[in-house]
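Results of the structural survey
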Amino acid sequence: MKTIQIKGVSKVYGHTKALDKVDIDIESNRIYGLLGRNGAGKTTLLNLMTNRIFPTEGEVIIDGERVYENDKVLGNIFYMAEKNLYPEDERVRNIYKWTKEFYPSFDMVYAEDLSEKFGLDLKKKVKSLSTGYASIFKAIAALASNTDIVLFDEPVLGLDANHRDMFYKELIANYSERPKTMIISTHLIEEVSSVIEEAIIIKEGKLILKQSVEELLSGAYVVSGETSRVDKYIQGKKCIGIEVLGSFKSATVFEAVNNKDKVLAEELQVEFAKAELQKVFIDLTN
Amino acid sequence: MLIDFNSEKPIYLQLAEAIEDNILKGIFEEETQIVSTTEISVKYRINPATAGKGVNVLVDEGVLYKKRGLGMFVSSGAKKKILEKRRNSFYEEYVQSLLEEAAKLSISKEDIVKMIVGGNRIEDNSNKGSK
């Protein structure tokens, strides 16, 4: 069981505050989605969790121990970075062999099996892999690592729709076989919304929300109709986003619908629709 | 089984209903094993906790039961239980919305009965209805 505690963590680069006093408790054996716009601080957060960079203030604690230069803790986290950090001239198979040296739990048979499924040629050199296959190669290393914590930074970058679908299915199968803590940082929110259990949303270096996807979506909806009627409906409600198209307006309301709302909607002839995670995300981070 | 990710219904409830449908249709028979939660989550790409929640709804209702180390089985009497539950909610779930829509369109209750019995579309009777 590995829980991750991010305690009052800030990271400053020159004049930029990449992360600003972030507190997050990550429970073990769940699949999390780390969501944020470009430059929100997602990668910085993942880098801090794996001791690749050091916090300006605060600390990251895993299972009661600080990660700072802690090999025991770090040996149990696998980080699939978005950038390629592997030697370009090396062949995929050799890199998998080395991975086994650093992560004794690495499952070579499973890695070979996945490589065959995805059509990844183990004899190829890292530098000759396409963007999609470079992602597949790193994602396979992460899935086969068998560590208690696996972090994915944009795992499906450059993958076609079929391969993305395969990746998510393999990830779920992997998790079901041996539950672990997985954090997936991604831009493709709608795709992961059914895969992740909880969403962590960060904006401009600050945590703005950490909630189960189901709760998040049952606590938000879209209301639409003629502009003045929608305006009347959303009065006094927590509205997080508005779109106008001529005399038509749709608004995202960040509250659960109650019976009174339903009656009011009927009266005003405005319609309800489900709020999708992507929509809620855009509205919250705009 | 179909899961509609755009539906307003939470995924776990949709899953529970889809399993119930399969029991009603006789695809999952009583006292036989159903597909595992893992298979469901992988096939439909849904979080295993969500799939587990859907299955647990049915375990709580006595429709499914867990056999340790083996998996999930359909309880005997499950079909009857589901039938009763669905019949009880049939009015709220189907008839009420039918009547509401019919009222908006000025279709009388008699015409609805005619449609159900005769199975055909009704002629334009908007004059009759708006009286």
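All of these numbers come straight from a predicted model, not from anything done at the bench.

This brings us to the interface of chain B and chain A. With 16 residues of chain B at the interface, the matching set in chain A holds 18 residues. Carbon and sulfur atoms make up 53% of the surface buried where chain B meets chain A, a total of about 1,400 Å² over both sides. Summed over the three residues of chain B that lose the most area to chain A, namely Val42(B), Arg45(B) and Asn47(B), the buried surface amounts to 44% of that side. At the boundary of chain B with chain A, the tally comes to 2 salt bridges. Residues Arg45(B) and Asp165(A) are paired through a salt bridge, measuring 2.8 Å at the closest nitrogen-oxygen approach.

What follows concerns the domain arrangement of chain A. Residues and elements named next belong to chain A. Per the domain assignment, the segments of chain A are domain 1 (4-215) and domain 2 (219-285). Each side of the interface is counted separately: domain 1 has 15 residues, and domain 2 has 8 residues. Carbon and sulfur atoms supply 72% of the area that domain 1 and domain 2 bury against each other, a total of about 1,000 Å² over both sides. Linking domain 1 to domain 2 there are 0 salt bridges. Where domain 1 touches domain 2, the interface holds 3 residue pairs in polar contact (both at pLDDT 80 or more). Secondary structure elements with two or more residues in the side of domain 1 that touches domain 2: α7 (189-192), β9 (198-203), β10 (206-212) and α8 (213-218). Counting residues per element, the side of domain 1 that touches domain 2 draws most heavily on β9, which supplies 3 residues. Partitioned by chemical class, the residues of the side of domain 1 that touches domain 2 number 8 nonpolar, 3 polar and 4 charged.

Quick notes on the rules
- Residues numbered from 1 in each chain as written.
- Chains lettered and ligands numbered in written order.
- Predicted model: local features only at pLDDT ≥ 70, side-chain atom pairs only at ≥ 80, totals over all residues.
- Heavy atoms only, no water.
- Contact = heavy atoms within 4.5 Å.
- Buried area = accessible area lost by both parts, 1.4 Å probe.
- Salt bridge = Lys/Arg side-chain N within 4 Å of Asp/Glu carboxyl O.
- Domains from an automatic or database assignment.
- Polar contact = N/O pair within 3.5 Å; in protein donor to acceptor, adjacent residues only side chain to side chain.
- Helix = DSSP H or I, 4+ residues; strand = E, 2+ residues; numbered from the N terminus.
- Nonpolar A, V, L, I, M, F, W, Y, C, P; charged D, E, K, R; others polar.

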